[in-house]
Amino acid sequence: MTSQHLSPFFDSMKHVLTTMFQTDIRFGNPSKQEALNDTHEVSALISFSGIDAQAVSLSFTTQTAGAFVERFLGTRIPADDPDFADAIGEIVNMVAGGAKARIDQEGASISCPTVVVGQGHRLFQRRDLTVIHIPCQTNLGQFSIEIAFVTSAQGRADHAA
Amino acid sequence: MRVLLVDDSRTMRTIQKNALKAMGFEDIDEASDGLEALKCVEQESPGLILLDWNMPNMDGMTFLKEFRANNKATPVVMVTTEAEKSRVIEAIKAGVNNYIVKPFTPEDFNSRITETLAKRKAG
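Residues numbered from 1 in each chain as written. Chains lettered and ligands numbered in written order. Predicted model: local features only at pLDDT ≥ 70, side-chain atom pairs only at ≥ 80, totals over all residues. Heavy atoms only, no water.

Engineer: Help me get a handle on the nonpolar core, residues and values and all.
Structural biologist: In terms of nonpolar packing, the biggest core is built from 60 residues, with F72 and F143 of chain A together with L50 of chain B touching the most fellow members. Beyond its immediate sequence surroundings of up to four residues, F143 of chain A is in contact with M13, L17, I25, L58, S59, F60, F68, I134, P135, C136 and T138 of chain A. Within the second largest apolar cluster, 22 residues are counted, among which are C40, I49, F63 and A91 of chain B. (Core = buried A, V, L, I, M, F, W, Y, C linked by side-chain atoms within 4.5 Å. Buried < 20%, exposed > 50% of the residue type's maximum accessible area, 1.4 Å probe, protein only. Contact = heavy atoms within 4.5 Å.)

Set out below in structure tokens:
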């Protein structure tokens, strides 16, 4: 994937965190996810249609997710509370919406967010998609972003390069 | 002034409610989708509506079109992640008075609401 594919997500994530969470973010090196070894504790996912990116997910430890929720709402909420999941879902909603707007493809849309809370879960995407993994560092904790692209987008990017 | 907050996310309703209270608004009702919002406005017309776009059961645009069919006066501010210019234009054509894109700072929120109500007063 080229930076052209990833930068809408980087820009949107940075904008969400600085605006609503008053925190900076440092992105690690993006890498293609070859195997699904990573397990998570809290994940939020949104699907897209009409663009090369098919889905974006954010994955946190419970502790980091809790820190984000507390910064967002001003109060600590337990991970088994529906409001916890709602808050995490709203984060991915804003990131996805911002990325979609930056891509600005006519007819593009996003789904409602899905949030998974539970230690040791894995996220599976369709086999025909290329998943890019990006580690992120903030002063609220570390988390990761995964973006699933149609693999033909990889082909188009390689050709353009 | 009574304010109606329409958003399927309780988190976003809480954030907006807190911001409205900080601005001095006390009478704030909530609805989690367009259908609930229609029931709310049938009972009592609010002085201001803050409206999300993407919601289950009935989305914000569908609510807006039904609401505007009977009420041209109440100011409506769309508060949404839909940030494309085409979407903003679509919303304005449907009858919103102002537009706030999520994420927003309290200052952005405050200034858009203040601006909306000032225009309403002047108009």
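Engineer: How would you sum up the sheet that holds strand β2 (residues 27-31) of chain B? Please name residues and give values.
Structural biologist: By way of backbone hydrogen bonds, the strands of a sheet pair with one another, either parallel or antiparallel. Residue and element names in this part refer to chain B. Strand order in the open sheet formed by 5 strands is β2-β1-β3-β4-β5, with parallel pairing between adjacent strands. At either end of the open sheet lies a strand with only one pairing partner, and these are β2 and β5 (98-101). Across the sheet, the axes of successive neighbouring strands diverge by a mean angle of 20°, strand direction being ignored. (Pairing = 2+ DSSP bridges. Helix = DSSP H or I, 4+ residues; strand = E, 2+ residues; numbered from the N terminus. Axes fitted to C-alpha atoms, helices over the stretch in contact; angles between N-to-C directions.)

Engineer: Just give me the short version of the environment of S3 of chain A, but keep the residues and values in it.
Structural biologist: Residue and element names in this part refer to chain A. With respect to the helices, strands and loops of the structure, S3 is situated in helix α1 (residues 3-20). We classify S3 as exposed; its relative accessible area is 58%. Linking S3 and P30, residues 27 residues apart in sequence, is a C-alpha distance of 9.8 Å.

Engineer: Mind laying out the pairing of strand β3 (residues 48-51) of chain B, listing which residues take part and the relevant values?
Structural biologist: Consecutive residues of a regular strand have side chains that alternate between opposite faces of the sheet. All names here are of chain B. Judged by which residues are buried, β3 turns out to be covered on both faces: L48 and L50 on one side and I49 and L51 on the other are all buried. Pairing between strand β1 (residues 2-6) and β3: 4 bridges, direction parallel. The residue bridging V3 from the neighbouring strand is L48, located in β3. Taken together, β3, helix α3 (residues 60-70) and strand β4 (residues 76-80) form a β-α-β motif whose crossover is right-handed. (Right-handed = clockwise from strand over helix to strand, strands pointing away.)

Engineer: Explain the interface of chain B and chain A to me, using residue names and the numbers behind them.
Structural biologist: Each side of the interface is counted separately: chain B has 15 residues, and chain A has 17 residues. For the pair chain B and chain A, the summed buried surface comes to about 1,500 Å²; carbon and sulfur atoms form 58% of the total. Applying the counting criterion to the chain B and chain A interface returns 4 salt bridges. Taking the shortest distance from any N to any O, the salt bridge between K100 of chain A and E84 of chain B comes out at 2.9 Å. At the surface where chain B touches chain A, the tally comes to 8 residue pairs in polar contact (both at pLDDT 80 or more). Across the side of chain B that touches chain A, the residue classes break down as 5 nonpolar, 5 polar and 5 charged. (Buried area = accessible area lost by both parts, 1.4 Å probe. Salt bridge = Lys/Arg side-chain N within 4 Å of Asp/Glu carboxyl O. Polar contact = N/O pair within 3.5 Å; in protein donor to acceptor, adjacent residues only side chain to side chain. Nonpolar A, V, L, I, M, F, W, Y, C, P; charged D, E, K, R; others polar.)

Engineer: Could you give an account of the confidence of the model for chain B, naming the residues involved and the relevant values?
Structural biologist: Residue and element names in this part refer to chain B. Averaged over every residue, the pLDDT of chain B is 94; residues scoring 70 or more account for 99%. The least confident element of chain B, judged by mean pLDDT, is helix α5 (residues 106-122) at 92; the most confident is β3 at 98. Under the prediction, the complex receives an ipTM of 0.88, its pTM being 0.90. (pLDDT = per-residue confidence, 0-100.)

Engineer: Any chance you could break down the packing of aromatic side chains for me, citing the residues and the numbers?
Structural biologist: Residues and elements named next belong to chain A. With the rule as written, the count across this model stands at 10 aromatic pairs over all chains. On the basis of an interplanar angle of 45° and a centroid distance of 4.8 Å, the ring pair of F21 and F72 is categorised as tilted. Within this pair, whereas F21 is found in the loop between α1 and β1 (25-27), its partner F72 is found in helix α2 (residues 62-73), the two being separated by 51 residues in sequence. In terms of burial, F21 and F72 fall into one category: buried. Site record: aromatic cluster; members linked through ring pairs are F21, F60, F68, F72 and F143. (Phe/Tyr/Trp six-rings, centres within 6.5 Å; stacked < 30°, edge-to-face > 60°.)

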